[in-house]
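# Residue-level structure breakdown
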Amino acid sequence: MAASVPIAGNRFAIIGGASLVGSATAGELLDHGAAEVVLFDNFAFGSDAAIAHLKDHPRLRLVRGDVMRMADLLRATEGLAGVLQLAAYMTLSMDRDPWSGLDVNIRGVQNVLEACRANGVRKLVFASSNATYGYGPGVAGELVEDTPFHSAGAPPAAILYGASKIIGEQLCRDAYRKWGQDYVVLRYSTVYGERQHYRAANALYIIETIDRLRRGEAPQVFGDGSETKHFVYVGDLARANRMAFESGATDVAVNTSGPAPTTTLELVQLVTELLGGGKAPEFIGAEPGKVRLTSGGAFRIAHEAAKAAIGWAPEVDMREGLRRLIAWRDGNEGRNSNEERGA
Ligand SMILES: NC(=O)c1ccc[n+]([C@@H]2O[C@H](COP(=O)([O-])OP(=O)(O)OC[C@H]3O[C@@H](n4cnc5c(N)ncnc54)[C@H](O)[C@@H]3O)[C@@H](O)[C@H]2O)c1
């Protein structure tokens, strides 16, 4: 099908590329023979540390640019076959600065689409989120691609984030209808893995749990620990991004979640076991003033549609993914990343 973009021999840009998902995907595309991968980022949140392992790669080019500036995007996307759009403000950043977040998550996406049009980029892969199902008491059960958005009872920043991703998705659909722009939307669930940052509320909890146990403190569990989380390992997402380019799929939005959901208590128990033991968890109520993302009950983010559309299924379970995250954190790169906490 025409929408398929092979990786080998083609050039790609990752917009918002100095990031958790961007750094993993750049490695994946380079390993599969991409002629060039352009990492485009204004370093609002991204860091040199996130891409240090790649920066001397002969087929990688780093471009400092801003999605709010058309000229930057037009230059960076010249002659490309595919663009992965990751640049975004997530919930915690949206909470601090909603207008910048809405600008980047909405106008930024439209600017990337316009640049793809101007330069004849064949396919856009857009990083959306399970935040498009919302948060709060309404989110429960099997979350499939046509599950509606729930906003009642959730923090405003989470709703602004989820709604901005819904708008981003619709801008992609609009571009497909208006000028035939091929695209695939991937709705990532909470990402974790090597080069983990402190900007995503749920993954932050994993890092905080590791840190507390390492300091000899008791890990904290909110409520009774039965709250569901559904994570996905960053390497699995890098593969999903690659497969979205390679597949013939277009004009589609699919979930990309890990093999199975977990509860916060199971997560804490698994981290404790992987660290070789530690204090028993302490059960506490909600922390005042902190944005926490809660759901109404047990849920699972279904990823079967991704298999049908792009041939992807998750491979790395929480035990293996956490083992890799802990190994990275214990290595030099992970320890140094602690210094960027304020980013
Ligand atoms: N991390 C998660 O748990 C998660 C879950 C679901 C969806 N997503 C989505 O996946 C994508 C990547 O997530 P991540 O965790 O790698 O994010 P990240 O915060 O590491 O990356 C976002 C990147 O965008 C860049 N950026 C921000 N504003 C920009 C601008 N104006 N111009 C150019 N670059 C800009 C930042 O500097 C950063 O490097 C995002 O779109 C996010 O919404 C992430």
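Right above here is the structure, for reference.
So, here is what we can say about the structure in this document. Small disclaimer: the values here were computed from a predicted structure and weren't measured. (Residues numbered from 1 in each chain as written. Predicted model: local features only at pLDDT ≥ 70, side-chain atom pairs only at ≥ 80, totals over all residues. Heavy atoms only, no water.)

## Observations regarding the overall build of the protein chain
How we decide: Where helices and strands are cited, they refer to DSSP runs of H or I of at least four residues and of E of at least two residues respectively, numbered from the N terminus. Relative accessibility thresholds used throughout: buried, under 20% of the residue-type maximum; exposed, over 50%; partly exposed, between the two (1.4 Å probe, protein chains only). Pairs of residues are marked as contacts when any of their non-hydrogen atoms sit within 4.5 Å. Per-residue and other accessible areas follow the Shrake-Rupley method at a 1.4 Å probe size, with only the shown protein chains counted as cover for residues. Note on charges: Lys and Arg go in the positive column, Asp and Glu in the negative column, and His and the chain ends are not counted at all. One atom stands in for each charge, and that atom is NZ of Lys, CZ of Arg, CG of Asp or CD of Glu.
When helices and strands are tallied, the protein chain shows 12 helices and 15 strands. Along the first, second and third principal axes, the C-alpha atoms of the protein chain reach 55 × 45 × 35 Å. Looking at the 343 residues of the protein chain, the share that counts as buried comes to 58%. Long-range pairs, those at least 24 residues apart, make up 81% of the contacts in the protein chain between residues at least 6 apart in sequence. Accessible surface, the protein chain: about 13500 Å² in total, of which carbon and sulfur atoms supply 52%. Between the averaged position of the 36 positive side-chain charges in the protein chain and that of its 40 negative side-chain charges there is a distance of 2 Å.

## Digging into the site of the ligand
Rules: Any residue with a heavy atom lying within 4 Å of a molecule or strand is counted as near it. Distance and chemistry together define a polar contact, namely a pair of N or O atoms within 3.5 Å, with one atom able to donate a hydrogen and the other to accept it when in protein, and with adjacent residues in sequence counting only for side-chain atoms on both sides.
Near the ligand lie 31 residues; those nearest to it are Asp41, Leu86, Tyr161, His197 and Arg199. One of the backbone nitrogen or oxygen atoms of Ala44 is found 3.3 Å away from an oxygen atom of the ligand. Take His197: an N or O atom from its side chain is 2.8 Å from an oxygen atom of the ligand. In isolation the ligand has 820 Å² of accessible area, and contact with the protein removes 98% of it. Elements represented by at least two residues in the shell around the ligand include exactly α1 (20-31), β5 (123-129), α6 (156-179) and β8 (190-192).

## Notes on the packing of aromatic side chains
Going by this rule: Pairing of aromatic side chains requires ring centres within 6.5 Å, counting the rings of Phe and Tyr and the six-membered ring of Trp. Pairs whose planes differ by under 30 degrees are stacked, by over 60 edge-to-face, and all others tilted.
By the definition in use, this model includes 6 aromatic pairs. Seen from their ring centres, Tyr192 and Phe231 are 5.8 Å apart, and the 80° between their planes marks the pair as edge-to-face. Residue Tyr192 is found in strand β8, and its partner Phe231 is found in strand β11 (residues 231-233); the two are separated by 39 residues along the sequence. With respect to burial, Tyr192 and Phe231 carry one shared label: buried. An aromatic cluster of three or more residues is present, and its members are Tyr192, Phe231 and Tyr233.

## What about the state of the cysteines?
What counts is decided by this rule: To count as a disulfide, a pair of cysteine sulfur atoms needs to be within 2.5 Å.
Overall, the coordinates contain 0 disulfides when judged by the stated rule. Lacking any disulfide linkage, Cys116 is separated from the closest cysteine sulfur, that of Cys172, by 9.0 Å. Given the relative accessible area of 1%, Cys116 is considered buried. On the basis of relative accessible area, Cys172 is assigned to the buried category, the value being 0%.

## Thoughts on the environment of Ile207
Note on placement: Ile207 falls in helix α7 (residues 201-214). Residue class for Ile207 comes out buried when judged on its relative accessible area of 0%. Spatially, the C-alpha atom of Ile207 lies 25 Å from that of Asn42, the residues being 165 residues apart in sequence. Beyond its immediate chain neighbours, meaning those up to four positions away, Ile207 contacts Gln196, Tyr198, Leu325 and Arg329.

## A closer look at the pairing of strand β1 (residues 11-15)
Put simply, the rule is: Any two strands with at least two DSSP-identified bridges between them are counted as paired.
With 4 of its 5 residues buried, β1 lies for the most part within the structure. Bridging between β1 and strand β2 (residues 36-41) involves 5 bridges; their strand directions are parallel. Across the sheet, Arg11 pairs through a bridge with Glu36, a residue of β2. Note that β1 and strand β4 (residues 82-85) share 4 bridges and pair parallel. Bridging across to β4, Ile14 finds its partner in Leu84.

## Re the pattern of salt bridges
Spelled out, the test is: Each salt bridge in this description consists of a side-chain nitrogen of Lys or Arg and a carboxyl oxygen of Asp or Glu lying within 4 Å of one another.
Per the counting criterion, the structure on display carries 22 salt bridges. Put simply, Arg329 and Asp211 hold a salt bridge, and the shortest N to O gap is 3.1 Å. In this pair, Arg329 is assigned in helix α11 (residues 318-330) and Asp211 in helix α7, connecting sequence segments 118 residues apart. We note a salt bridge from Glu320 to Arg324, for which the minimum N-O separation is 2.7 Å. Of this pair, Glu320 and Arg324 both sit in helix α11, 4 residues apart, roughly one helical turn. Since its relative accessible area comes to 24%, Glu320 is described here as partly exposed.

## Section: the packing of helix α5 (residues 98-119) against α6
For the record, the criterion: Here, axes are lines fitted to C-alpha atoms. For helices the fit covers the stretch in contact, and angles between N-to-C directions go from 0 to 180 degrees. For this classification, under 35 degrees means roughly parallel, over 145 means roughly antiparallel, 65 to 115 means roughly perpendicular, and everything else is oblique. Each helix crossing is assigned a hand: it is left-handed if the near helix lies turned anticlockwise from the far helix by less than a right angle, otherwise right-handed if that turn is clockwise. Note on residue classes: Ala, Val, Leu, Ile, Met, Phe, Trp, Tyr, Cys and Pro are nonpolar, Asp, Glu, Lys and Arg are charged, and everything else, Gly too, is polar.
Where α5 contacts α6, the axes come no closer than 10 Å and their chain directions differ by 15°. Here α5 is positioned roughly parallel relative to α6, judged by the angle of their axes. Considering how the two elements wind past one another, α5 and α6 form a crossing that is right-handed. Seen from α5, the contacting residues are Pro98, Leu102, Asn105, Ile106, Val109, Gln110, Leu113, Glu114 and Arg117; seen from α6, they are Leu160, Tyr161, Ser164, Ile167, Gly168, Leu171, Cys172, Ala175 and Trp179. For the contact of α5 with α6, a count of residues per class yields 12 nonpolar, 4 polar and 2 charged.

Just distances and angles here, no functional claims.
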